[in-house]
Amino acid sequence: MVVENNVALQPHNTFGIVARAQRLVRVRSTDDVLALLADQEVSTASGTPPFVLGGGSNLVITGDIKQLVIKVEITGRRLVEETAKGWLVEAGAGEDWHDFVRWTLEQGYPGLENLALIPGTVGASPVQNIGAYGVELQDRFSALDAIDLQTGQRFSLDAAQCGFGYRDSVFKHVPAGDKGLGLAGRALITHVRFWLPKPWKAVLGYADLDRKMAETGISSPSAQQIFDWVCSIRRAKLPDPAVIGNAGSFFKNPTVSPEQCADIIAREPKVVHYPMADGSIKLAAGWLIDACGWKGKGVGSAGVYERQALVLVNRGGATGGEVMTLAKAIQTSVYERFGILLETEPVVV
């Protein structure tokens, strides 16, 4: 492991917010993590639980971080097993997610193509239960390996134990009582395994993908074609963090009852909405924000992206405080007009 003091965090968060970590440790193997936890002088110096940092793509930093920051840089990609029913593939938590998706296709293991170009690391993917274009991580998840940061014990979890929900998992919840199941701030994920079933079936049905099918005349796209389409769609809609600092979608798409949706439609006939399998209705948060007139507006150096109201951006020198002030103003506007309180996606620290 590599221990560094007074580390600039601007290169380690895609929002590009200026902040520093009092102490940062880079771990590149499971053994590094175990050695860190065994070194009480390093691991408990701050007196508070460590903060686990992956790619920093789902993060808003509001000030310098005094607690120990563990930067996960565990790499490695491999085929664990292939059967007549599918492929079991594994990646280290520090692997770049998009690079991993591209690698699976290059190796002939389709199934993750709808999740192309989502920023972040493999280790962060189950925490957020990432999803896009009809596929969520839980649909392809098999199991993960992790280490308890309090006890140093290694453990594995299957999908049921991860408690996946919409952009949610057990890793985002603090345990309630001694027997609580929350693992927020307690678990460090080291490896993640994915089950990619055979025969492969394309997941389509989203308007953007339908448009690509119409434009190209391809009615039965391959996994590689879907991957290319998703990349093209995302690049057209979303800003590149290397050019404009951002954390991707800042708000979750809210879910309402059919009755609530009907009430909103009566007032706002053009509201974008999608029926869900459980009978509820999902509303497009970006549409709600745009309807409130926020697209292109901002607070200080934090702004709403001109092409996609769901994305907040750093226009240059934005602080975490400005980002969160803007987010709260948007939440207030949407609540006052639609009676819906938008939930934020990124972790705020």
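Quick notes on the rules
- Residues numbered from 1 in each chain as written.
- Predicted model: local features only at pLDDT ≥ 70, side-chain atom pairs only at ≥ 80, totals over all residues.
- Heavy atoms only, no water.
- Core = buried A, V, L, I, M, F, W, Y, C linked by side-chain atoms within 4.5 Å.
- Buried < 20%, exposed > 50% of the residue type's maximum accessible area, 1.4 Å probe, protein only.
- Helix = DSSP H or I, 4+ residues; strand = E, 2+ residues; numbered from the N terminus.
- Contact = heavy atoms within 4.5 Å.
- Salt bridge = Lys/Arg side-chain N within 4 Å of Asp/Glu carboxyl O.
- Expected span 1.5 Å × (residues − 1).
- Pairing = 2+ DSSP bridges.
- Axes fitted to C-alpha atoms, helices over the stretch in contact; angles between N-to-C directions.
- Phe/Tyr/Trp six-rings, centres within 6.5 Å; stacked < 30°, edge-to-face > 60°.

(A) Fine view of the nonpolar core. Counting residues in hydrophobic clusters, the biggest one holds 55 residues, and the most contacted among them are W97, F100, L144, F171 and F194. Broken down by element, the residue count for this core peaks at seven residues, all from helix α8 (residues 223-237). With near-sequence residues (within four places) excluded, F171 lies in contact with P126, V127, L144, L157, C162, L183, A184, A187 and I189. Ranked by size, the runner-up nonpolar core spans 42 residues in total, among them I17, A21, V60 and I289.

(B) Representation of the pattern of salt bridges. Evaluation of the coordinates by the stated rule reveals 17 salt bridges. With its nearest N and O atoms 2.7 Å apart, the salt bridge here joins R186 to D148. Of the two residues, R186 is situated in the loop between α6 (159-162) and β12 (187-197) and D148 in strand β10 (residues 141-148); the sequence distance between them amounts to 38 residues. Given the relative accessible area of 25%, R186 is considered partly exposed. Residue D148 is classed as buried on the basis of its relative accessible area of 9%. Close ionic contact of D263 with R267 constitutes a salt bridge, the shortest N to O distance being 3.2 Å.

(C) Inspection of α8 at higher detail. In this model, α8 (15 residues) spans 21 Å end to end at C-alpha, consistent with the 21 Å of a helix rising 1.5 Å per residue. Tucked inside the fold, the buried residues of α8 contact α3 (97-106), β8 (131-132) and α7 (207-216).

(D) Up close: the sheet that holds strand β16 (residues 281-283). Here we have three strands laid out as an open sheet, ordered β14-β16-β15, and antiparallel in their pairing. Because the sheet does not close on itself, it has two edges, and the strands there are β14 (255-256) and β15 (273-275). Relative to the sheet, helix α9 (residues 258-267) contacts β14, β15 and β16, its axis offset from that of β16 by approximately 45°.

(E) Main features of unusual backbone geometry. A cis amide bond links K198 with the next residue in sequence, P199, at an omega value of -10°. Within the secondary structure, P199 is located in the loop between β12 and α7. Despite not being glycine, Y133 has its phi angle at roughly 50°, a positive value. For Y133, the location among the structural elements is in the loop between β8 and β9 (135-136). One non-glycine residue with positive phi stands out, namely R167, at about 50°. As for its position among the elements, R167 is in the loop between α6 and β12. Relative accessible area serves as the criterion here: at 12%, R167 is assigned to the buried category.

(F) Region of interest: the sheet that holds strand β1 (residues 2-8). If you trace the four strands from one edge of the open sheet to the other, you get β1-β2-β5-β3, paired in mixed fashion. The sheet terminates laterally at β1 and β3 (51-53), the two strands that pair on one side only. Pairs of neighbouring strands in the sheet enclose a mean axial angle of 30°, with direction left out of account. Pairing between β1 and strand β2 (residues 20-27): six bridges, direction antiparallel. Across the sheet, residue V3 finds its bridge partner in β2, namely V25. Here helix α1 (residues 30-38) sits on the sheet and contacts β2 and β5 (69-72); the angle it forms with β2, its principal contact strand, is near 130°.

(G) Region of the structure containing the pairing of β5. With burial as the criterion, each face of β5 is covered, one bearing V69 and K71 and the other bearing I70 and V72. Strand direction decides the pairing type here: β2 and β5, joined by four bridges, are parallel. Paired with R26 across the strands is K71, a residue of β5. Both β3 and β5 contribute to a ladder of three bridges, which runs parallel. Looking across to β5, one finds that F51 is bridged to V69.

(H) Representation of the side chain of T104 in the model. Tracing the chain through its elements places T104 in helix α3. Every residue in contact with T104, bar those within four places of it in the chain, is listed here: Y109 and L112.

(I) Geometry of the packing of aromatic side chains. Scanning the entire structure with this criterion turns up twelve aromatic pairs. Taken together, a centroid distance of 5.9 Å and an interplanar angle of 40° make the contact between W87 and Y109 tilted. Placement of W87 in strand β7 (residues 86-92) and of Y109 in the loop between α3 and α4 (125-128) is noted, with a sequence separation of 22 residues between them. In terms of burial, W87 and Y109 fall into one category: buried.

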